[in-house]
Amino acid sequence: MISKAVIPAAGLGIRFLPATKAQPKEMLPVIDTPVIQYVVQECVDSGIEDILIISGKGKRSIEDHFDRNLELETKIQEKEDEVLYTQLRHIEDMANIHFIRQKELNGLGDAVFHARCHCGNEPFVVLLGDTIIDSVIPVTQQLIDTYEQYKQTIIAVEIVPRDKVTRYGITGGKQISDKLMQVDELIEKPEINKAPSNLAIAGRYILTPEIFDALEKTPRGKGNEIQLTDAMKLLLKHDNIMALTIEGKRYDIGNKMDFLKTTVEFALKRKEFAKPFKAFLRDIIDKPEKEQK
Ligand code: G1P
């Protein structure tokens, strides 16, 4: 059974500067909820309540967000706003969240290595703290269901356009069903002509404890960082790894264009905003044409 999740959230957020100069990218709000809360909710919706967040310098607001704020609670109680009060209490109670700090930014592999003591001898899920995946069945649940069947490392992947493979970890191997690939190749951010496929690692993984020994032996790779993809590649020498093509839409919030799209799409799905926001969008999109007349 999988009962633990690890959320790496120590990165600098360079792609989202200047907004991330003094605040974590994981705390950027999509409408009114920080990205990392969506990620924690995905764990909870998949039955996981023991969560380790790998944080770092400048990330204290993540801890504060999942902590109680008695002053705020009292004020909201005075206003008798039950809905807001329940929402606030939900954030503090949603999971058992632990924190560990990555003191030096040595890459995603190094971040995950910090979870060794916490995870011990159990398999665990890794969810990137800046990535929301919108799906009917939470992607973590999709991975857990596959793990229960095969009991091996499972990587969530999605098809990306060929010219985008350079931005991702790419998997190669033998397709054993529509959605499952037996992996025999893994490359972090390959050149287009060296990519074994266009199946990109989508920021969700189920890892077994063997990953920690592999990480210990993993030399620095792309960007002079210890890459999780390289550690999994070492594992491939004696372990099986599967890639599951996920059902869902991935939003990488660290990327400004994706952030804009997420905000618009999520606003259109919210009952209180859907109608007026759609009308507003129609209006601004039609405007230049009207003005030409
Ligand atoms: C990381 C992983 C990469 C994966 C990507 C998904 O890269 O190293 O394998 O495809 O996340 O977003 P990053 O985006 O942190 O450079």
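Here goes a summary of the coordinates provided. (Residues numbered from 1 in each chain as written. Predicted model: local features only at pLDDT ≥ 70, side-chain atom pairs only at ≥ 80, totals over all residues. Heavy atoms only, no water.)

When helices and strands are counted, the protein shows 11 helices and 13 strands. Projected onto the principal axes, the alpha-carbon positions of the protein cover approximately 60 × 55 × 35 Å. Carbon and sulfur atoms make up 53% of the accessible area of the protein, which totals about 15,500 Å². Where the 41 positive side-chain charges of the protein centre and where its 46 negative ones centre are 5 Å apart. (Helix = DSSP H or I, 4+ residues; strand = E, 2+ residues; numbered from the N terminus. Areas by Shrake-Rupley, 256 points an atom, 1.4 Å probe, with all protein chains shown as cover. Lys, Arg positive; Asp, Glu negative; His and termini not counted. Charge placed at Lys NZ, Arg CZ, Asp CG, Glu CD.)

What follows deals with the site of the ligand. Every residue close to the ligand is listed here: Leu 108, Leu 128, Tyr 168, Gly 169, Glu 188, Lys 189, Ile 201, Gln 227, Thr 229 and Arg 250. Gly 169 is positioned with one of its backbone polar atoms (N or O) 3.0 Å from an oxygen atom of the ligand. Glu 188 places a side-chain nitrogen or oxygen 2.7 Å from an oxygen atom of the ligand. Here the ligand loses 79% of its free accessible area of 380 Å² to cover by the protein chains. When atoms are counted within 2 Å of each cavity's grid points, the one that captures over half of the ligand is the largest pocket. Split into classes, the residues belonging to the shell around the ligand amount to four nonpolar, three polar and three charged. (Near = heavy atom within 4 Å. Polar contact = N/O pair within 3.5 Å; in protein donor to acceptor, adjacent residues only side chain to side chain. 1 Å grid on protein atoms, 1.4 Å probe; cavity = no way out; pocket = protein on both sides within 12 Å on 5 of 7 lines; lining within 4 Å. Sits in = over half its atoms within 2 Å of the grid points. Nonpolar A, V, L, I, M, F, W, Y, C, P; charged D, E, K, R; others polar.)

Residues Ile 7, Ile 36, Val 40, Ile 51, Ile 53, Phe 66 and Ile 206 are the most contacted members of the largest nonpolar core, which totals 37 residues. Beyond its immediate chain neighbours, meaning those up to four positions away, Ile 36 contacts Ile 7, Ala 9, Glu 26, Met 27, Ile 53, Ile 62, Phe 66 and Gly 129. Of all hydrophobic cores here, the second largest spans 31 residues; its members include Ala 111, Val 112, Ile 201 and Ile 241. (Core = buried A, V, L, I, M, F, W, Y, C linked by side-chain atoms within 4.5 Å. Buried < 20%, exposed > 50% of the residue type's maximum accessible area, 1.4 Å probe, protein only. Contact = heavy atoms within 4.5 Å.)

The calculated volume of the largest pocket comes to roughly 1,100 Å³. Lining of the largest pocket is provided by 38 residues; of these, Arg 15, Lys 25, Leu 128, Asp 130 and Lys 189 occupy positions nearest its centre. Going through the elements one at a time, helix H5 (108–113), strand S11 (199–207) and strand S13 (249–252) are the ones with two or more residues in the lining of the largest pocket. Its residues assigned to classes, the lining of the largest pocket shows 13 nonpolar, 14 polar and 11 charged. Each pocket or cavity is described by its volume, and for the second largest pocket that value is around 470 Å³. (Points joined across faces, edges and corners; volume = space filled by probe spheres on them.)

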